[in-house]
Amino acid sequence: MNKIQQINDKELQSGILSPHQSWHNEYKDNAYIYIGNLNRELTEGDILTVFSEYGVPVDVILSRDENTGESQGFAYLKYEDQRSTILAVDNLNGFKIGGRALKIDHTFYRPKRSLQKYYEAVKEELDRDIVSKNNAEKLILAKKDQPN
Amino acid sequence: MFHRRKRPYNTRNYGHDDKKFKSQYIDIMPDFSPSGLLELESNNKEGIALKHVEPQDAISPDNYMDMLGLEARDRTMYELVIYRKNDKDKGPWKRYDLNGRSCYLVGRELGHSLDTDLDDRTEIVVADIGIPEETSSKQHCVIQFRNVRGILKCYVMDLDSSNGTCLNNVVIPGARYIELRSGDVLTLSEFEEDNDYELIFMNV
């Protein structure tokens with residue numbers, strides 16, 4: 001049992017059930033989670049597949065070696081709804097993928113200048129999951145332009 | 001006063017970080033394709049990813065008969081009889097009882113591996129019904145029982161095998177359920193000269 005589960009058990013014994021009283025409330029301003037102890041063969045696609053269970057991911061950063069491009073075994077992920085981080089941290093801690101148990105926690109992510117192209121590629125890929133007002137209008141126009 | 005001598009040009013880089021003189025960084029880009037690890041973990045046998053996942057309405061003949069409350073003598077028996085061509089005995093090569101499980105994987109079982117790199121040439125068999133033919137795939141096709149609107153039906157599905165599957169001498173499409181009836185003949189290749197074994201589905 002890891003520390004997060006211990007803290008959760010203590011809160012349950014103390015009768016804390018409200019999200020406002022939980023330790024998660026300290027991170028209510030931040031929607032990023034840290035994912036550690038990843039199998040190094042996993043890709044960004046795999047991480048999105050697993051973590052889409054608890055919400056819509058809007059950002060993913062898999063740390064890669066700057067010389068070889070290989071995964072370094074940890075990643076950061078941001079949800080559209082901040083409450084999804086609570087579900088992911090509580091439910092997927094210790095979850096085994098590729099023979100390794102995940103370590104998940106709330107975190108603050110600071111962008112790096114050298115990964116600018118990476119961020120743009122991720123944003124372009126994940127924008128397809130979210131339909132905003134402008135996107136909806138574009139989609140409607142695109143449908144009209146298509147011949148039946 | 002003594003002044004320190006200026007170092008020659010070629011030793012001026014001594015002690016400096018090598019990263020300063022790197023010509024350019026490799027642009028790190030994300031990879032959104034699946035690596036295959038998740039698929040392997042969810043459905044595998046002896047480390048080999050299985051191609052077939054049973055449908056929601058899968059049911060074994062025994063469970064189906066139990067559900068109907070039939071007695072032993074009233075039950076339908078399902079069987080797969082395998083004949084070998086040019087066999088002098090004229091009898092079946094093997095018989096498989098299909099009543100106990102809802103899904104049977106048909107594939108290659110030679111007794112040795114086709115991979116010449118392996119030292120002991122040990123073959124990993126994932127098929128439930130093994131056919132000793134080199135032309136058959138390791139996971140060639142699958143025989144699946146399903147409860148279709150209260151009726152037990154048997155289907156065969158080709159698992160996108162290399163040489164295809166024939167049902168009554170007709171090539172069946174890949175990755176699609178085809179219903180099996182009593183007396184149907186299955187062969188594990190599209191080419192007739194490759195077929196040494198015939199699989200006959202029977203229910204009595």
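That block above? That's the structure.
Since this is a predicted model, take the numbers as computed values, not measurements.

Caption draft 1: The arrangement of the sheet that holds strand β11 (residues 177-180) of chain B in detail. Residue and element names in this part refer to chain B. One open sheet holds the 5 strands; their spatial order is β6-β5-β7-β8-β11, and the pairing between them is mixed. Strands at the two margins of the open sheet, each flanked by one partner only, are β6 (129-131) and β11. Each strand of the sheet is rotated relative to its neighbour by a mean of 25 degrees, with strand direction disregarded. Where strand β5 (residues 103-108) and β6 come together, 3 bridges link them in parallel fashion. Looking at β6, one finds that Gly107 is bridged to Gly130.

Caption draft 2: Region of the structure containing helix α2 (residues 61-68) of chain B. All names here are of chain B. For α2, the complete set of buried residues consists of Pro61, Tyr64 and Met65. In an axial view of α2, the angular spread of the buried residues amounts to 95 degrees, which keeps them on one side of the axis. Structurally, α2 contributes buried residues whose contacts are with β3 (78-84), β7 (141-148) and β8 (151-158).

Caption draft 3: Focus on the interface of chain A and chain B. Counting from both sides, the interface comprises 26 residues of chain A and, opposite them, 16 residues of chain B. A combined buried area of about 1700 Å² lies between chain A and chain B, and 63% of that area is made up of carbon and sulfur atoms. Where chain A touches chain B, the interface holds 0 salt bridges. One can count 3 residue pairs in polar contact (both at pLDDT 80 or more) joining chain A with chain B. For the side of chain A that touches chain B, the elements supplying multiple residues, two or more each, are α2 (44-51), β2 (57-64), β4 (96-97) and α4 (116-126) of chain A. Its residues placed into classes, the side of chain A that touches chain B shows 9 nonpolar, 8 polar and 9 charged.

Caption draft 4: Region of the structure containing the nonpolar core. Counting residues in each nonpolar core, the largest one holds 33 residues, and the members touching the most others are Ile33(A), Ile35(A), Ile47(A), Phe51(A) and Leu77(A). Within the residue set of this core, elements represented by two or more residues are β1 (32-36), α2, β2, β3 (71-79), α3 (83-92) and α4 of chain A. When residues are assigned to domains, this core turns out to be shared by domain 1 (1-109) and domain 2 (111-147) of chain A, each giving three or more. Not counting residues within four places of it along the chain, the set of residues in contact with Ile33(A) comprises Phe51(A), Ala75(A), Tyr76(A), Leu77(A), Tyr79(A), Thr85(A), Ala88(A), Val89(A), Ile104(A), Asp105(A) and Thr107(A). Grouped together as the second largest cluster of nonpolar side chains are 26 residues, Ile129(B), Ile131(B), Phe145(B) and Cys154(B) included.

Caption draft 5: Structural context of helix α1 (residues 3-13) of chain A. All names here are of chain A. Of all the positions in α1, only Ile4, Asn8 and Glu11 are classed as buried. The arc that holds every buried residue of α1, seen down its axis, measures 60 degrees, which confines them to one face. Exposed residues lying more than 90 degrees from the buried face of α1 are Lys3, Lys10 and Gln13. Considering only its buried residues, α1 is in contact with α3 and β6 (103-106).

Caption draft 6: Seen up close, unusual backbone geometry. Backbone geometry places Asp160(B), a non-glycine residue, at a positive phi of 50 degrees. Relative to the elements of secondary structure, Asp160(B) occurs in the loop between β8 and β9 (166-167).

Caption draft 7: Main features of the pairing of β6(A). All names here are of chain A. Residues Ile104 and His106 line the buried face of β6, whereas the alternating positions Lys103 and Asp105 sit on a face that is not buried. Bridging between β1 and β6 involves 4 bridges; their strand directions are antiparallel. Within β6, the residue paired with Tyr34 across the bridge is Asp105.

Caption draft 8: Molecular detail of the pattern of salt bridges. Residues and elements named next belong to chain B. For the structure on display, the rule yields 4 salt bridges over all chains. Where Asp57 meets Arg146, a salt bridge forms, and the shortest distance between an N and an O atom there is 3.0 Å. On the criterion of sequence distance, the pair formed by Asp57 in the loop between β2 (48-49) and α2 and Arg146 in strand β7 is long-range, its members being 89 residues apart.

Caption draft 9: Region of interest: the environment of Ile104(A). Residues and elements named next belong to chain A. On the secondary structure map, Ile104 appears in strand β6. Separated by 69 residues in sequence, Ile104 and Ile35 place their C-alpha atoms 4.7 Å apart. Sequence-distant contacts of Ile104, defined by excluding residues within four places in its chain, comprise Ile4, Ile33, Tyr34, Ile35, Phe51, Ala88, Val89, Leu92 and Asn93.

Definitions and cut-offs
- Residues numbered from 1 in each chain as written.
- Chains lettered and ligands numbered in written order.
- Predicted model: local features only at pLDDT ≥ 70, side-chain atom pairs only at ≥ 80, totals over all residues.
- Heavy atoms only, no water.
- Pairing = 2+ DSSP bridges.
- Helix = DSSP H or I, 4+ residues; strand = E, 2+ residues; numbered from the N terminus.
- Axes fitted to C-alpha atoms, helices over the stretch in contact; angles between N-to-C directions.
- Buried < 20%, exposed > 50% of the residue type's maximum accessible area, 1.4 Å probe, protein only.
- Arc of directions from axis to C-beta.
- Contact = heavy atoms within 4.5 Å.
- Buried area = accessible area lost by both parts, 1.4 Å probe.
- Salt bridge = Lys/Arg side-chain N within 4 Å of Asp/Glu carboxyl O.
- Polar contact = N/O pair within 3.5 Å; in protein donor to acceptor, adjacent residues only side chain to side chain.
- Nonpolar A, V, L, I, M, F, W, Y, C, P; charged D, E, K, R; others polar.
- Core = buried A, V, L, I, M, F, W, Y, C linked by side-chain atoms within 4.5 Å.
- Domains from an automatic or database assignment.

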